[in-house]
Amino acid sequence: MTVSYWMDQSATEPPVEVDVCIIGAGIAGASTAYWLKDAGLKVAVIDKGDVACGASGRNAGFVTCGSVEHFAREAKTRGEQVALDLWQMSQENLRLIETELVGKGLDCDFKRGGTYSLAGTAHELEVLGETATHLQARGVPVTVLSAEQVNRDIQATGFAGGVLYHDDGEVHPGKLVRGILERSGADFYPHHEVRRIEDHPAGPRIHTRLRTFHAGVVVFATNGWSGELNPWLGERIAPTRGQILVTDPVAPFLPAPCYANFVLDYFRQLPDGRLLIGGFRQLAKETEVGTADVLHPEIQANLEAFLKRHFPALAHARVAYRWAGTMGFSQDGMPIIGALPGRSDLYCVAGFTGHGIGWGFKAGQLLADLLLHGKTPPHVSTRRF
Ligand SMILES: Cc1cc2nc3c(=O)[nH]c(=O)nc-3n(C[C@H](O)[C@H](O)[C@H](O)COP(=O)(O)OP(=O)(O)OC[C@H]3O[C@@H](n4cnc5c(N)ncnc54)[C@H](O)[C@@H]3O)c2cc1C
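Presented here is a report on the structure given in the accompanying data block. In this text the structure is predicted, and so the values were computed from the model without any measurement.

It is worth spelling out the pairing of strand E6 (residues 161-165) at this point. Within E6, 5 of the 5 residues are buried, leaving the element largely enclosed by the surrounding structure. Going residue by residue along E6, you find Gly161, Val163 and Tyr165 tucked away on one face and Gly162 and Leu164 tucked away on the opposite face as well. Bridge analysis of strand E4 (residues 115-119) against E6 gives 5 bridges, and the strand direction is antiparallel. Paired with Ser117 across the strands is Val163, a residue of E6. Pairing between strand E5 (residues 142-145) and E6: 4 bridges, direction antiparallel.

Structure below.
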């Protein structure tokens with residue numbers, strides 16, 4: 001974004017002094033504010049839109065363990081320990097959502113009834129079987145299911161089998177993030193687009209059209225937009241689009257959310273009976289990039305074809321909603337949490353690579369811990385680059 005001299009010099013409100021200025025009111029920014037709530041700091045959360053207007057209000061609401069990769073493959077590429085650390089981070093995220101938020105009255109349609117990962121081919125079923133063996137050995141409740149069991153459980157046709165992760169959950173992500181932000185007690189400034197951040201001896205100055213924030217510390221919780229504000233983050237986080245559709249309500253039939261096709265495609269039935277289906281970005285990997293909020297006709301057509309193929313009885317369900325959302329894919333697929341290189345006043349919590357509901361609440365706690373106590377686990381730290 002370019003900014004003209006005229007609009008840069010036209011703030012109408014007096015500056016705001018804060019200890020921590022968090023840019024971005026998605027799950028990452030709201031959660032960071034939440035975990036700072038008892039530290040006696042003055043915290044502002046600012047967003048160019050409203051709370052959860054980015055990916056946090058446009059996702060599928062799966063709260064799953066692990067990353068976006070099957071555990072067995074994650075362990076092969078990153079090593080067993082890192083795969084396990086990522087798994088434990090998401091387990092802890094789930095536990096914290098359940099105890100700290102839902103358990104204390106936050107109504108966000110949270111349900112912990114597990115998730116299915118469905119195999120489209122015999123090869124995928126083999127990988128899922130390896131995953132289940134790894135995880136069962138570590139006490140994670142996972143059951144391997146035959147094609148007959150899967151297709152009977154979810155009333156579908158065409159899957160080669162799958163696994164059921166008993167611990168996973170699902171949520172209304174918009175209600176979740178709004179609730180986290182409200183409970184943080186931070187001052188919220190919606191419709192404040194940050195145009196630039198100026199270094200100043202007294203601390204960074206964050207310029208928006210309406211007012212300037214004078215902060216001790218800035219936190220970038222800006223997901224796929226991070227590169228618009230900071231080149232270091234721009235080199236490490238790529239904005240990547242995802243597509244979803246939602247049908248009119250149909251009679252309840254699906255016991256739990258499902259991933260398919262190596263976690264690239266997914267569907268769940270919402271509490272009001274609607275079926276949500278997303279994914280298929282593999283059909284247009286080169287062009288489904290950037291931050292534009294645009295539908296992709298071919299992907300949307302494939303989402304509908306997926307519905308008809310696997311759930312012929314629902315072939316006539318009307319599509320009531322279609323939307324796109326911007327994910328922030330990090331260079332190595334793991335979250336990026338910590339201080340920017342050489343800076344003690346600029347931090348980030350971003351790069352969730354399509355898995356931010358599964359990691360974000362815990363990630364906010366990790367960043368808050370770093371700000372307050374100076375520590376972050378190495379595999380998600382900015383220091384790994
Ligand atoms: C289609 C789709 C499906 C998904 N499904 C799932 C799922 O089921 N489970 C799961 O775990 N994850 C899922 N994800 C990923 C998940 O939604 C994201 O990882 C997560 O929401 C990222 O949260 P965030 O707070 O980092 O970013 P966002 O929620 O994108 O928040 C970033 C915020 O920064 C603000 N911002 C950016 N630039 C500026 C600026 N210059 N000034 C002020 N504000 C600014 C934006 O307006 C935005 O509100 C999905 C994502 C998509 C798009």
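This paragraph deals with the site of the ligand. In the region of the ligand, 41 residues are neighbours, and Gly24, Gly26, Gly54, Gly325 and Gly356 sit closest. Counting residues per element, the shell around the ligand draws most heavily on helix H11 (residues 356-373), which supplies 4 residues. Here the shell around the ligand is built from residues that sort into 18 nonpolar, 18 polar and 5 charged.

Okay, the pairing of strand E2 (residues 43-46) next. Covered by surrounding structure in E2 are Val43 and Val45 together with Ala44 and Ile46, the residues of both alternating faces. Of the strand pairs in this sheet, strand E1 (residues 16-23) and E2 are connected by 4 bridges, and their pairing is parallel. Across the sheet, Ile22 pairs through a bridge with Val45, a residue of E2. The β-α-β motif built from E1, the intervening helix H2 (residues 27-35) and the parallel element E2 has right-handed crossover chirality. Pairing of E2 with strand E8 (residues 187-189) involves 3 bridges; the strand directions are parallel.

Our focus in this paragraph is the environment of Arg211. As for its position among the elements, Arg211 is in the loop between strand E10 (205-208) and strand E11 (212-220). Residue classification places Arg211 among the partly exposed residues on the basis of 16 C-beta atoms within 10 Å. For the pair Arg211 and Glu13, spaced 198 residues apart in sequence, the C-alpha to C-alpha distance is 5.1 Å. Leave out the neighbours within four places in its chain, and Arg211 touches Ala11, Glu13, Pro14, Pro15 and Val16.

Between helix H3 (residues 71-78) and helix H4 (residues 80-101), the shortest axis-to-axis distance is 6 Å and the interhelical angle comes to 130°. As summarised for this structure, H3 and H4 are arranged oblique, according to the angle between their axes. Contacts between H3 and H4 pair Phe71, Glu74, Ala75 and Arg78 from the former with Glu80, Val82, Ala83, Leu86 and Trp87 from the latter. Taken together, the residues of the contact of H3 with H4 sort by class into 6 nonpolar, no polar and 3 charged.

About the thresholds
- Residues numbered from 1 in each chain as written.
- Predicted model: local features only at pLDDT ≥ 70, side-chain atom pairs only at ≥ 80, totals over all residues.
- Buried ≥ 20, exposed ≤ 12 C-beta atoms within 10 Å, placed from the backbone.
- Helix = DSSP H or I, 4+ residues; strand = E, 2+ residues; numbered from the N terminus.
- Pairing = 2+ DSSP bridges.
- Near = placed C-beta within 6 Å.
- Nonpolar A, V, L, I, M, F, W, Y, C, P; charged D, E, K, R; others polar.
- Right-handed = clockwise from strand over helix to strand, strands pointing away.
- Contact = placed C-beta atoms within 7 Å.
- Axes fitted to C-alpha atoms, helices over the stretch in contact; angles between N-to-C directions.
- Parallel < 35°, antiparallel > 145°, perpendicular 65-115°, else oblique.

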